[in-house]
Each structure stands twice: as C-alpha cells, then as structure tokens.
Amino acid sequence: YLTRLQWPRVVAALEARLKAETGMDERKALLVRLGQGYEDYPEDLDGALGVYGRLLDEDPRDEGTWETLGRLGRVLDGWARVADVYRGAVERTGVDDPATARLATLAAKLYDERVQDVDKAAALYGAVLRFSPEDLEAFGALESLLTRSERWDALLELYREQAELATSDERR
C-alpha cells in the first residue's frame, strides 16, 4: 500500500495488527512504524504526535519516545499537548522509579516554562519530591515556581515538608 501511497489502507492494516498484537515489543514497533508513516507520507504531524502519545502509554519509560514527542512539540509549537501527554503517562503509572521521576520533571518544566500552568507544574514537581525528597533540582524548580507565582503558603509548606524529611542538619 505504501508503494501506491494508499496511506489510509496502511493505517488500517497497522491498526488491525496492533489490535491483535499482545507483545509489548511488537506493539511498540507497530506504533513506531505508524508514527513514522504519519510524519513521512501525509506529513500529518498532529497525527504522528497522537500515535507517539499512544506509544508513550505502552512504555512511559522509553526516553526515545520522550525525545520524539519533544521534537514534534517544537515543530508544531504544541507544548501544551505534549505536556498533557507526558502528564497523562505519569498519572497512569505514578512516579515510582527514576525514569518516571524524570518524565514528571520534564512535564513540569513544560508546564512551567512553555505553558505557564503553575498548578500542573507544581503538582508534578510535588510528585517527584514525594518519590525522591532529596531531588534538589525538583525542589529548586518548585521553590522558584512558587516564589514567582507568589504562593507563599504553598512555599512555606514546601519548606516544612523538606525540613521534616531532611536527613542532615545541613539540608535542614
């Protein structure tokens, strides 16, 4: 179908295979082919972003997918959509290992720096700190965000939580 440029049939065939496939590696490979196809054949970058969002659902720890979504976000100036995709993956899996903590931090940075959504950024930085209270990058970013947005009560609560969790006097 590709040689005859019948993209709708290619999509249908790949989607049918995807529906029947249960192995994660094969599902990921099919989604990559589908995403690349959206980028290359009809040059439908919105469609590609949607497919790569589905790929992130399959494996939220795949940093290659994060990079592809980030690239599409830059090209489309679709930072809010990419941040929402990242956040959705974090919400479904939780912040329970270093990879999901990095993904949550990435989403928080997008909400803070590109989308200007203080609430979503703060919630994601908070999730990272609950997983890893010693994460100085997340602490500093949340402290800066709360200071810039003049959320003094939340900032005071952050300081209290960090003081309680601190393992050394220097950290307190």
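In this text, all values refer to a predicted model and were calculated from it rather than measured experimentally.

What counts as what
Residues numbered from 1 in each chain as written. Predicted model: local features only at pLDDT ≥ 70, side-chain atom pairs only at ≥ 80, totals over all residues. Heavy atoms only, no water. Helix = DSSP H or I, 4+ residues; strand = E, 2+ residues; numbered from the N terminus. Buried < 20%, exposed > 50% of the residue type's maximum accessible area, 1.4 Å probe, protein only. Salt bridge = Lys/Arg side-chain N within 4 Å of Asp/Glu carboxyl O. Contact = heavy atoms within 4.5 Å. Expected span 1.5 Å × (residues − 1). Arc of directions from axis to C-beta. Polar contact = N/O pair within 3.5 Å; in protein donor to acceptor, adjacent residues only side chain to side chain. Axes fitted to C-alpha atoms, helices over the stretch in contact; angles between N-to-C directions. Parallel < 35°, antiparallel > 145°, perpendicular 65-115°, else oblique. Left-handed = near helix turned anticlockwise from the far one by under 90°. Nonpolar A, V, L, I, M, F, W, Y, C, P; charged D, E, K, R; others polar.

A.B. asks: Describe in detail the overall build of the protein, supporting the description with residues and values.
C.D. replies: Looking only at helices and strands, the protein features 9 helices and 0 strands. From first element to last, N terminus to C terminus, the protein shows the α and β order α-α-α-α-α-α-α-α-α. Taken along the three principal axes of its C-alpha coordinates, the protein extends 65 × 30 × 20 Å. Burial status across the protein gives 42% buried among its 172 residues.

A.B. asks: How would you summarise the pattern of salt bridges if you had to cite specific residues and measurements?
C.D. replies: What the rule picks out here adds up to 19 salt bridges. In this structure, the salt-bridge partner of R17 is E26, at a minimum N-O distance of 3.1 Å. With a relative accessible area of 41%, R17 lands in the partly exposed category. A salt bridge links R148 to D112; the shortest N-O distance between them is 2.9 Å. Of this pair, R148 sits in helix α8 (residues 136-148) while D112 sits in helix α6 (residues 98-115), and the two are 36 residues apart along the sequence.

A.B. asks: An account of the environment of R27 is requested, with residue identities and associated values reported.
C.D. replies: With respect to the element layout, R27 can be found in helix α2 (residues 24-40). Expressed as a C-alpha distance, the spacing of R27 and R17, which sit 10 residues apart in the sequence, is 8.6 Å. Not counting residues within four places of it along the chain, the set of residues in contact with R27 comprises L18, E21, T22 and E58.

A.B. asks: Account for α8, naming residues and giving values.
C.D. replies: Working note: α-helix, 3.6 residues per turn, so residues spaced by three or four point in the same direction. The end-to-end C-alpha distance of α8 is 18 Å, a good match for the 18 Å that 13 residues give at a rise of 1.5 Å each. Considered for burial, the residues of α8 that qualify are A138, F139, A141, L142, L145 and L146. Taken down its axis, α8 places every buried residue within 170 degrees of arc, on the same side. Of the exposed residues in α8, the ones pointing more than 90 degrees away from its buried face are L136 and R148. Near the N-terminus of α8, the side chain that reaches the backbone nitrogen of E137, with its oxygen 3.1 Å away, is that of D135. Positive phi appears at E150, one or two residues downstream of α8, with a value of about 55 degrees.

A.B. asks: Account for the environment of A101, naming residues and giving values.
C.D. replies: Along the chain, the position of A101 falls in helix α6. The class of A101 is buried, set by a relative accessible area of 8%. Here the alpha-carbon distance between A101 and L129, two residues 28 residues apart in the chain, equals 8.7 Å. Leave out the neighbours within four places in its chain, and A101 touches V95, V128 and F131.

A.B. asks: Requested: an account of the environment of V82, with residues and values cited.
C.D. replies: With respect to the helices and strands, the residue V82 is situated in helix α5 (residues 79-93). Leave out the neighbours within four places in its chain, and V82 touches L49, L69, G73 and L110.

A.B. asks: How would you sum up the packing of helix α1 (residues 7-20) against α2? Please name residues and give values.
C.D. replies: Between α1 and α2, the shortest axis-to-axis distance is 10 Å and the interhelical angle comes to 165 degrees. Taken together, the axes of α1 and α2 lie roughly antiparallel to each other. As for the relative orientation of α1 and α2, their crossing is left-handed in sense. Here W7, V11, L14, E15, R17 and L18 of α1 come into contact with α2, specifically with E26, R27, L30, L31, R33, L34, G37 and Y38. Of the residues belonging to the contact of α1 with α2, the class tally is 8 nonpolar, 1 polar and 5 charged.

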